[in-house]
Amino acid sequence: MKASKRRRRGPLAREAQRTGWLFVSPMVLGFTLLLLFPMGRALYMSLMDWPLLGEHAFIGLDNYRTIATDDVFWKVFGNTLYFTAGLVPFNIVLALLLALLLAKSMKGIGLFRTAIFVPVMTSLIVWSIVWKYMFATDSGLINQMLLMMNIEGPAWLYDEKLAMPAVIVTSVLKNVGLNMVLFIAALQQVPRSLYEAAMLDGAGKTRSFFHVTLPMITPTVFLTVVMTVIGSLKVFGQIYVMTQGGPSNSTKVLVYYIWEKAFKLFQMGYASALAFVLFFVVLVLTLLQWQLRKRWVFNESDT
């Protein structure tokens, strides 16, 4: 009886399996052609001396050994970490403050939310061009406003100490609206009963924030931190438009260095090796954050 049931179910099971594969085949095909194959190709190129024109030669791990002794790479790597360390806390704190101000249901509050979110939808290149002119030394809006207060503004994008902070500020203002929206959604999900219980225990607004609000939204904080860190490590457009890595390589970051090696110097093999270094940096930092989440993300200690 059981054997006959298995035989009767066999064609239906095979048909269901074929249907399942048919539905997932576009995703599997796209994942293979657009991600796995390019990554495999890039890994192969990273083991080669691969000029754009000329003969290709297998050199094994020589590209990676060259990276380890490349002074420019370590300068660029430090700049990338500097950008990340400056952007991530600034972005997260500002987004949370804005969310706390705009999470309430008030007349006209949607207008303020929209105004802060609009830069997220604005073209990165256009945004960077506008800010490049705003930071201009002589005719820039920022220095003109400082001049009205009898303050001589600096050469923002031509000063090794000020160029990177200027790019960080530009990047924060561009993307803070996305994290703000995520925080607003998280704040609106915090049960009101928790605030009422905190009030009965004599907690004020500050204690309620640190002991009720912040713990309850830590999953969203974790999500925004991970996304912001990954995005900051891949920064390129702002650097390309505003500083092109200058002055004196003070704003040259890893993705810009990869682009420079690949499409200006045509060292495709070396650029591919740099790309895999970036991949492993992002992977390690993401895994590290994933492990650390157990210590501070609410309800994650046992997972």
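In case you missed it, the structure is sitting above this.
What comes next is a walk through the structure. (Residues numbered from 1 in each chain as written. Predicted model: local features only at pLDDT ≥ 70, side-chain atom pairs only at ≥ 80, totals over all residues. Heavy atoms only, no water.)

1. Some remarks on the overall build of the protein chain
Our working definition: Counting from the N terminus, the helices are the DSSP runs of H or I reaching at least four residues and the strands are the DSSP runs of E reaching at least two. Here the globule rule reads 2.2 Å times residues to the power 0.38, and the radius of gyration is calculated from C-alpha atoms. Note on classification: 1.4 Å probe, protein chains only; a residue is buried when its accessible area is under 20% of the maximum for its type, exposed when over 50%, partly exposed between these limits. By the convention used here, residues are in contact when the closest approach between their heavy atoms is within 4.5 Å. Areas reported here follow the Shrake-Rupley algorithm with a probe of radius 1.4 Å; residue values treat only the protein chains shown as occluding. Only four residue types enter the charge count, namely Lys and Arg as positive and Asp and Glu as negative; His and the chain termini do not. One atom stands in for each charge, and that atom is NZ of Lys, CZ of Arg, CG of Asp or CD of Glu.
Assigned secondary structure in the protein chain consists of 13 helices and 2 strands. A globule of 303 residues ought to have a C-alpha radius of gyration of about 19 Å, yet the protein chain, at 25 Å, is considerably larger. Along the longest, intermediate and shortest principal axes, the C-alpha atoms of the protein chain span 95 × 75 × 35 Å. The buried share of the protein chain, taken over its 303 residues, is 37%. For the protein chain, restricting intrachain contacts to residue pairs at least 6 apart in sequence, the fraction spanning at least 24 positions comes to 66%. When the accessible surface of the protein chain is totalled, it reaches about 18700 Å², and 68% of it is carbon and sulfur. In the protein chain, 27 positive and 15 negative side-chain charges are present, and the distance between their average locations comes to 19 Å.

2. Structural notes on the layout of surface pockets
Heads up, the condition is: Within this scheme a cavity is a closed region of a 1 Å grid, computed over the protein atoms alone, that accommodates a 1.4 Å probe without allowing it to escape, whereas a pocket is open but has protein on both sides within 12 Å along at least five of seven lines; lining residues each have an atom within 4 Å of a point. Grid points are joined across faces, edges and corners, and a volume is the space filled by probe spheres set on the points.
Considering only enclosed or pocket space, the largest pocket measures out at about 600 Å³ in volume. Lining the largest pocket are 16 residues, and of these L100, K104, R192, Y195 and T213 sit closest to its centre. Elements represented by at least two residues in the lining of the largest pocket include exactly α3 (71-102), α8 (192-200) and α9 (205-216). Sort the elements by how many residues they give to the lining of the largest pocket and α9 lands first, with 4 residues.

3. Here we look at the environment of R207
Mapped onto the fold, R207 is located in helix α9. In this structure, the C-alpha to C-alpha distance between R207 and V241, residues 34 residues apart in sequence, is 44 Å.

4. Remarks on a nonpolar patch on the surface
This is how the line gets drawn: Within this analysis, patches are made of residues with over 30% relative accessible area and no salt bridge. Like charges are joined at 9 Å or less; nonpolar side chains (Val, Leu, Ile, Met, Phe, Trp, Tyr) at 5 Å or less. Here, a salt bridge means any side-chain nitrogen of Lys or Arg that lies within 4 Å of a carboxyl oxygen of Asp or Glu.
On the surface, F31, L35, L36, M39, F279, F280, L283 and L287 cluster together into a nonpolar patch covering about 700 Å² of accessible area. Looking at the nonpolar patch, the elements that each hand over two or more residues are α1 (2-46) and α13 (268-296). Along the chain, M39 turns up in helix α1.

5. Considering the packing of aromatic side chains
Condition: Geometry of aromatic contacts follows a simple scheme: Phe, Tyr and Trp rings, the Trp one being its six-membered ring, pair when their centres are within 6.5 Å, and the pair is stacked under 30 degrees between planes, edge-to-face over 60, tilted otherwise. Charges are assigned to positions over rings by a cutoff of 6 Å between ring centre and Lys NZ or Arg CZ, combined with an angular limit of 35 degrees from the ring normal.
Under the criterion given, the structure shown has 17 aromatic pairs. Aromatic pair F73 and F77: ring centres 5.9 Å apart, planes at 20°, arrangement stacked. With F73 and F77 both in helix α3, this residue pair falls 4 residues apart, about one helical turn. Owing to a relative accessible area of 4%, F73 belongs among the buried residues under this scheme. Members of the aromatic cluster, connected to one another through ring pairs, are W127, W131, F135 and W156. A cation over an aromatic ring shows up here: R293 above the ring of W290, its NZ or CZ 3.9 Å from the ring centre.

6. A look at the packing of helix α5 (residues 124-134) against helix α7 (residues 163-187)
Our working rule: To get an axis, fit a line to the C-alpha atoms, keeping to the stretch in contact for a helix; angles then go from 0 to 180 degrees between the N-to-C directions. Roughly parallel means an angle under 35 degrees; roughly antiparallel means over 145; roughly perpendicular covers 65 to 115; every other angle is labelled oblique. In this scheme the crossing of two helices becomes right-handed for a clockwise turn of the near helix relative to the far one and left-handed for an anticlockwise turn of less than a right angle.
Interaxial distance between α5 and α7 falls to 11 Å at its minimum, and their mutual angle equals 135°. In terms of orientation, α5 and α7 fall into the oblique class. Relative to α7, the crossing made by α5 is right-handed. Along the contact surface, α5 presents L124, W127 and W131, while α7 presents T170, L173 and K174.

7. Concerning the environment of E152
With respect to the helices and strands, the residue E152 is situated in the loop between α6 (141-148) and α7. According to the relative accessible area criterion, E152 is exposed, its value standing at 75%. For the pair E152 and L288, spaced 136 residues apart in the sequence, the C-alpha separation amounts to 44 Å.

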